[in-house]
Amino acid sequence: MAPGAENCIHSTGQPDTPVEVLVDVLSKALRAPDAGEMKRLVEQAYKLVAGLDPYLDTVSTPPSPVCQELIHASLSHPWADAHSQGKTRFLQKKECCAGGLEGRFIATLCRLAAAKTVLEVGMFTGTTTLAVAQQLPEDGKVYALEIEEYMRDFSQPYFRRAGVDKKVDVVVGPASDSLERLAALGVRFDLAFLDADKGGYLGYYKQLMDNNLILPGGAIVVDNTLMKGRTYEPDGVKDESADAIREFNDFVRRDARVDVVVLPFRDGVSIITRRAPTDAKDEVATGLHGNLIMQRLKLNGRVALITGGGQGIGRAFAHALGEAGAAIAIVDVVRATAEATAAELAGKGIRSVAVVADITRAKDCERMVAETVAALGGLDIAVNNAGVNMNNAAEDTPEDEWDMTFNVNTKGLFLCCQAEGRHMLAAGRGRIINTASMASLLVPHPQKQIAYNASKAAVVKITQTLGCEWADRGVTVNCMSPGIVNTALIQESDALRPLCKEWLAQIPAGRLAEVTDLQAAIVLLASDAASYMTGHNLVLDGGHTLW
Ligand SMILES: C[S@@+](CC[C@H](N)C(=O)[O-])C[C@H]1O[C@@H](n2cnc3c(N)ncnc32)[C@H](O)[C@@H]1O
């Protein structure tokens, strides 16, 4: 078997890809009985090849408008003049621009890798840099290494206009020196795109690998690894770049630290990822059941319900659990808010359903579980978050305020736990997470809320009790105690809004909690990574309870 033939499942069968069809048509052309037949076959082959890139452009998402302008400027710039006037060290060519499709491809890989820090070695005018930067989160950064200072000035106005200039750091100088400096500064990358001088590739690759500059789960993506086909079919033209690429490809293929796949996309793109070590001692090194820590936080295939999921903290929990992979039932007493959040999740591609239930009624709690199971196929995670908060001095607290608070925050929460627990105990696994409050630990002031404080202290005790009762039956029960959370409830209340100043003085962090501050904790508590945690009250209060 020829080297690499084990990957080539169709090498002897019917032509199945554009390249295989091309090979088939051209081989028939070589054997054509007459010139007319040969011309017909060559024309067929020509159309097949000539139509490929335009078709890919038509069916792929186009570059952003600013990126299109930058591509146009790069292709129409008088590069020969710039060089003869001494503005560029080397004679640059418009062909150096990788173009919109490749920019989209690299940006897509960055999205798949959930990249925050990206390296580009060889920026040219920055069309790929721009596409990547537009895809990165606000605090993401692409370090673009470029030997020509001229390119930095060329690209900056476009980065600024696209609003991504803060996300781009153009590092001017020979790439190997720049890489050394970045390594010394401790910068590490989720994804590196090598696209500079081909003779330098092997050195850049070794710098990245030997100094562990790529973060776990990251990749090195390399352009031009087919080099016009000269890597596998030298056409007699002396081509040092093709020789360098051939050496590079051979080295990477033999490097036991990595897996590589070379795609026949444009001039050839290699995607290189680090292998799991074969000499790992135990699951600390290999990951539990092969799951590295970030995989253990994933909730793929799980079903979660969230009471009070229509707004505020519950809505933030729903998004977090959905982003982590779970299907979500949004439970709310108000149909419109439940449906609005469920629709928001569906818009992000998260399977979701709205369930209307009044958690103060046992029948509703049972129906809530039954509807979730019927709609989404199970119930693995339950977040009991619905609650009310009323403010009154102890001596003035009316009986119905006490009853309503305990009905929702305490009895309702218990009824939810009970209905959810019955289902989960029968299944032998489950995660229940209750929303308590820092009011379970201290007496918040200056607002007066005795019923609320007592109801939330009871939530902690319910959590501890259930955590113990169900610990050996696969069901964990924990609660979360947020500090004061900056929600519409506070912003829209004339009684609470003026208290913000006093609260801020009580919080070491110097700010209220945002709902997004609570999202990672809910994912942790819902995940396999927290399987040994039960009956716990997880406090997220910026230090409020410590002062
Ligand atoms: C093919 S272009 C890069 C295209 C760009 N990545 C894109 O996606 O459009 C190669 C770039 O690498 C730069 N370059 C060449 N040798 C370099 C080196 N030793 N260090 C840094 N940049 C270099 C060139 O000036 C040129 O702008």
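Refer to the structure presented above.
Here we summarise the structure given alongside this text. Computed from a predicted model, the values in this text were never measured in an experiment.

Close contact between helix α14 (residues 312–323) and helix α21 (residues 519–526) brings their axes to 9 Å; oriented N to C, the two are set at 55°. In this view, α14 runs oblique relative to α21, as classed from their interaxial angle. For α14 against α21, the interelement crossing comes out right-handed. Between α14 and α21, the contacting residues are A316, F317, A320 and L321 on the first element and Q519, I522, V523 and A526 on the second. Its residues assigned to classes, the contact of α14 with α21 comprises seven nonpolar, one polar and no charged.

With that out of the way, let us pick up the sheet that holds strand β2 (residues 141–146). Picture the strands of a sheet paired through backbone hydrogen bonds; they go either parallel or antiparallel. Pairing is mixed in the open sheet, where seven strands are placed in the order β3-β2-β1-β4-β5-β7-β6. Looking at strand neighbours, the two that pair on one side only are β3 (168–172) and β6 (258–263), the edges of this open sheet. Averaged over neighbouring strand pairs, the angle between their axes works out to 15° when direction is ignored. For strand β1 (residues 117–121) and strand β4 (residues 189–194), the ladder comprises four bridges, and the chain directions are parallel. Paired with E120 across the bridge in β4 is F193. Sheet strands in contact with helix α7 (residues 127–135) are β1, β2, β3 and β4, and its direction is about 170° off that of β2.

A few words now on the site of the ligand. The ligand sits among 20 residues. The nearest are A98, G122, F124, T128 and A175. Looking at the shell around the ligand, the elements that each hand over two or more residues are α7 and β2. Here the shell around the ligand is built from residues that sort into eleven nonpolar, four polar and five charged.

The sheet built from seven strands is open, its strands ordered β10-β9-β8-β11-β12-β13-β14 with parallel pairing. Of all strands in the sheet, those bounded by a partner on one side alone are β10 (352–356) and β14 (537–540). Averaged over neighbouring strand pairs, the angle between their axes works out to 20° when direction is ignored. Summarising the sheet, strand β11 (residues 381–384) and strand β12 (residues 430–435) pair through four bridges and their orientation is parallel. What sits directly across from V383, in β12, is I433. Each of β8 (303–307), β11, β12 and β13 (475–482) touches helix α17 (residues 399–427); the most contacted strand, β12, lies at about 170° to it.

So, on to the nonpolar core. Of all hydrophobic cores here, the largest spans 63 residues; its most connected members are A304, L321, I328, I330 and I522. With eight residues, α17 is the single largest residue contributor to this core. Once residues within four sequence positions are removed from consideration, I522 is found in contact with F317, A320, L321, V383, I433 and M480. Listed in part, the 60 residues of the second largest apolar core include L70, F105, M151 and A196.

Rules and cut-offs
Positions within a chain are numbered from 1, following the residues in the order the chain's sequence is written. Restriction of local features to residues with pLDDT of at least 70 applies here, the model being predicted, together with a cutoff of 80 or more for giving and counting side-chain atom pairs; totals for whole chains, interfaces and linings are based on all residues. Simply put, an axis is a line fit to the C-alpha atoms, just over the touching stretch for a helix, and the angle between two N-to-C directions goes from 0 to 180 degrees. Here a strand is any run of E in DSSP of at least two residues, a helix any run of H or I of at least four, and the numbering for each starts at the N terminus. Angle categories are assigned with fixed cut-offs, so that under 35 degrees is roughly parallel, over 145 is roughly antiparallel, 65 to 115 is roughly perpendicular, and the rest are oblique. Note on convention: near helix rotated counterclockwise from far helix by under a right angle means a left-handed crossing. Clockwise means right-handed. Remark: residues whose backbone-derived C-beta atoms lie within 7 Å of one another are considered to be in contact. Gly is put with the polar residues, along with every residue not named as nonpolar or charged; the nonpolar set is Ala, Val, Leu, Ile, Met, Phe, Trp, Tyr, Cys and Pro, and the charged set is Asp, Glu, Lys and Arg. Strands are labelled as partners when DSSP assigns at least two bridges between them. Each residue gets a C-beta atom placed from its backbone. Should that atom fall within 6 Å of a molecule or strand, the residue is termed near it. A set of buried residues drawn from Ala, Val, Leu, Ile, Met, Phe, Trp, Tyr and Cys, joined through C-beta atoms within 7 Å, is what defines a nonpolar core. Field definition: a residue is buried when 20 or more other C-beta atoms are found within 10 Å of its C-beta, exposed when 12 or fewer are, and partly exposed for counts in between, with C-beta atoms placed from the backbone.

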